[in-house]
Amino acid sequence: MSKTIDFRPVILAGGSGTRFWPRSRRARAKQVLALDGERSMIQQTVERLKPLSGVEHTWVITNELLAGEIADQLKGVPASQIVQEPAARNTAPACGLAALLIEKDNPEAVLGIFPSDHVIGDEPRFLKILQRGIALAAAGTNMVVLGIEPTRPETGYGYIETGDLAGDDSTLRVRRFTEKPNLMKAEEFIAAGNYYWNSGMFLWSARTLANAVREHVPETAPLLEEIAAAYGTPKFEKVFAELYPKCENISVDYAILEPRSAKGEHKSNLYCLPAEFAWNDLGSWASLYEYQLETRLRGDGDGNVADTDGHLAIHGSNNYIYSPRKFVALVGVENLVIVDTEDALLIAHRDHSQDVGKIVKELGQQGKTELI
């Protein structure tokens, strides 16, 4: 990658991580937890990008509940670049605001959009692919997405349909984006062989993304423009609080990528780089269990993954247990998720771990806000 390319990572860290309750709470969500190793998910995300851009060039889009914890964890990231959304408005306004803010400083800068809670294996290969994507994004009005080769007909991910090769042996043109298909469609995509999971990692210049927001989200763009114009002034917080909640609540996939792909694969300037590295988005307790079992971090001979002060299993198999201060005994149970914290205990079947977020919703409806 040319040293002249100004690369600015933008970390999206506004989610509440409800599927990791009871460890994840509103003020201590999934991205600031050390679910995999000693460092938190967001610390790992920033650390792996440091070889391409120092932390002083990193931006974080989060919320008011998490901003303080994130600032404590990410020493070196300027406080002014930890942007606190006054309302949750999905990823399109967050990405658009970052583009408009950075465009003011350097419209040619390449933004990398990264979720704050992914696990990446083989980081040298990740960085090599990322360098290629940054160079491609800097070469024109190009939009680059890292695509994950699917291993199963997953219905929880968006898909990228790819078309022709674009100049080398691995860069592919994008035909279209499809959000979270049903199982039948997902099976068709896998069989077709030219579909990739949408990783949520994107590369584009500040100008390219800012202009795409102006084109594809015309009602939200003026609001973001006014917020960006107020950045760095005494009236910023007031303008931000008044205008941001009026922005459309929509993902960048729906708002930008899908309409851009409708221009056609040879006119959209959309490209997919297959991500030839291990990847996991750790979307639930079940996916954390599967990841840790695969990497043999804590698995025992019976398929139990335990983060405990010791455990014993008698006719107990394929369970995930988190109870770091207790010894845990399992007798005759299998495929469970057991998460023990100071004020709450979760017991769920692994097949239903995606439904844990419903517990948080129900607790909110019952007014038990101290538990969420």
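Going by the structure above, here's the rest.
Q: Please explain the overall build of the protein chain as it appears in this structure.
A: Scanning the protein chain from terminus to terminus reveals eleven helices and 17 strands. Compactness check: the protein chain gives a C-alpha radius of gyration of 21 Å against a globular reference of 21 Å for 372 residues, within 12% of the reference. The principal-axis extent of the C-alpha atoms belonging to the protein chain is close to 60 × 50 × 35 Å. Counted over contacts in the protein chain with a minimum sequence separation of 6, partners at least 24 positions apart contribute 66%. Working note: accessible area of the protein chain is about 16,900 Å², and carbon and sulfur atoms make up 49% of it.

Q: Even after reading the chapter, I still don't get a nonpolar patch on the surface, so can you show me in this structure?
A: A surface patch of nonpolar side chains, amounting to about 410 Å² of accessible area, comprises Leu312, Ile314, Phe327 and Val331. Turning to its location among the elements, phenylalanine 327 is positioned in the loop between strand S14 (320-323) and strand S15 (328-331). By relative accessible area, phenylalanine 327 is classed as exposed at 52%.

Q: So what exactly am I meant to see when it comes to empty space enclosed by the protein here?
A: Scanning the model with the defined rule gives one cavity of 30 Å³ or more in all. Of the voids in this model, the largest cavity is the one considered here, and its volume is about 40 Å³. The residue makeup of the lining of the largest cavity, split by class, is five nonpolar, two polar and one charged.

Q: Sorry if this is basic, but what is going on with the sheet that holds strand S17 (residues 345-349) here?
A: Pairing between the strands of a sheet is mediated by backbone hydrogen bonds and can be parallel or antiparallel. What the four strands build is an open sheet, ordered S12-S14-S16-S17; its pairing is mixed. The two strands at the open ends of the sheet, each matched to only one other strand, are strand S12 (305-308) and S17. Adjacent strand axes in the sheet meet at a mean angle of 5° when their direction is disregarded. As judged from the four bridges shared by S12 and S14, these two strands associate in the parallel manner. Counterpart to valine 305 in the pairing with S14 is tyrosine 320. Of the strands in this sheet, S12, S14, strand S16 (336-340) and S17 are in contact with helix H10 (residues 285-294), which crosses S14 at around 100°.

Q: For this particular structure, what's the right way to read the nonpolar core?
A: Generally speaking, a soluble globular protein has its nonpolar side chains buried in company with each other. Formed by 51 residues in total, the largest nonpolar core has its most connected members in Val10, Leu97, Leu111, Trp204, Ile227 and Ile256. Counting 42 residues, the second largest nonpolar core, distinct from the first, contains Val77, Leu130, Trp197 and Trp279.

Q: Looking at this structure, how should I read the side chain of serine 317?
A: Note that serine 317 resides in the loop between strand S13 (311-314) and S14. Classification of serine 317 by relative accessible area gives buried; the value is 19%. Apart from the residues within four sequence positions on either side, serine 317 is in contact with Asp302, Asn304, Val333, Glu334 and Asn335.

Q: Honestly, the packing of aromatic side chains in this entry has me stumped. Any pointers?
A: We describe a pair of aromatic rings using the distance from one ring centre to the other and the angle between the two ring planes. Counted according to the given criterion, the structure contains 14 aromatic pairs. Arranged with centres 5.6 Å apart and planes meeting at 25°, the rings of phenylalanine 202 and tryptophan 204 form a pair that is stacked. In terms of burial, phenylalanine 202 and tryptophan 204 fall into one category: buried. Three or more aromatic residues joined by ring pairs form one cluster here, namely Trp59, Tyr231, Phe236, Phe240 and Tyr244.

Cut-offs applied
Residues numbered from 1 in each chain as written. Predicted model: local features only at pLDDT ≥ 70, side-chain atom pairs only at ≥ 80, totals over all residues. Heavy atoms only, no water. Helix = DSSP H or I, 4+ residues; strand = E, 2+ residues; numbered from the N terminus. Rg over C-alpha atoms; globule rule 2.2 N^0.38 Å. Contact = heavy atoms within 4.5 Å. Areas by Shrake-Rupley, 256 points an atom, 1.4 Å probe, with all protein chains shown as cover. Patch = residues over 30% accessible without salt bridge, like charges linked within 9 Å, V, L, I, M, F, W, Y side chains within 5 Å. Salt bridge = Lys/Arg side-chain N within 4 Å of Asp/Glu carboxyl O. Buried < 20%, exposed > 50% of the residue type's maximum accessible area, 1.4 Å probe, protein only. 1 Å grid on protein atoms, 1.4 Å probe; cavity = no way out; pocket = protein on both sides within 12 Å on 5 of 7 lines; lining within 4 Å. Points joined across faces, edges and corners; volume = space filled by probe spheres on them. Nonpolar A, V, L, I, M, F, W, Y, C, P; charged D, E, K, R; others polar. Pairing = 2+ DSSP bridges. Axes fitted to C-alpha atoms, helices over the stretch in contact; angles between N-to-C directions. Core = buried A, V, L, I, M, F, W, Y, C linked by side-chain atoms within 4.5 Å. Phe/Tyr/Trp six-rings, centres within 6.5 Å; stacked < 30°, edge-to-face > 60°.

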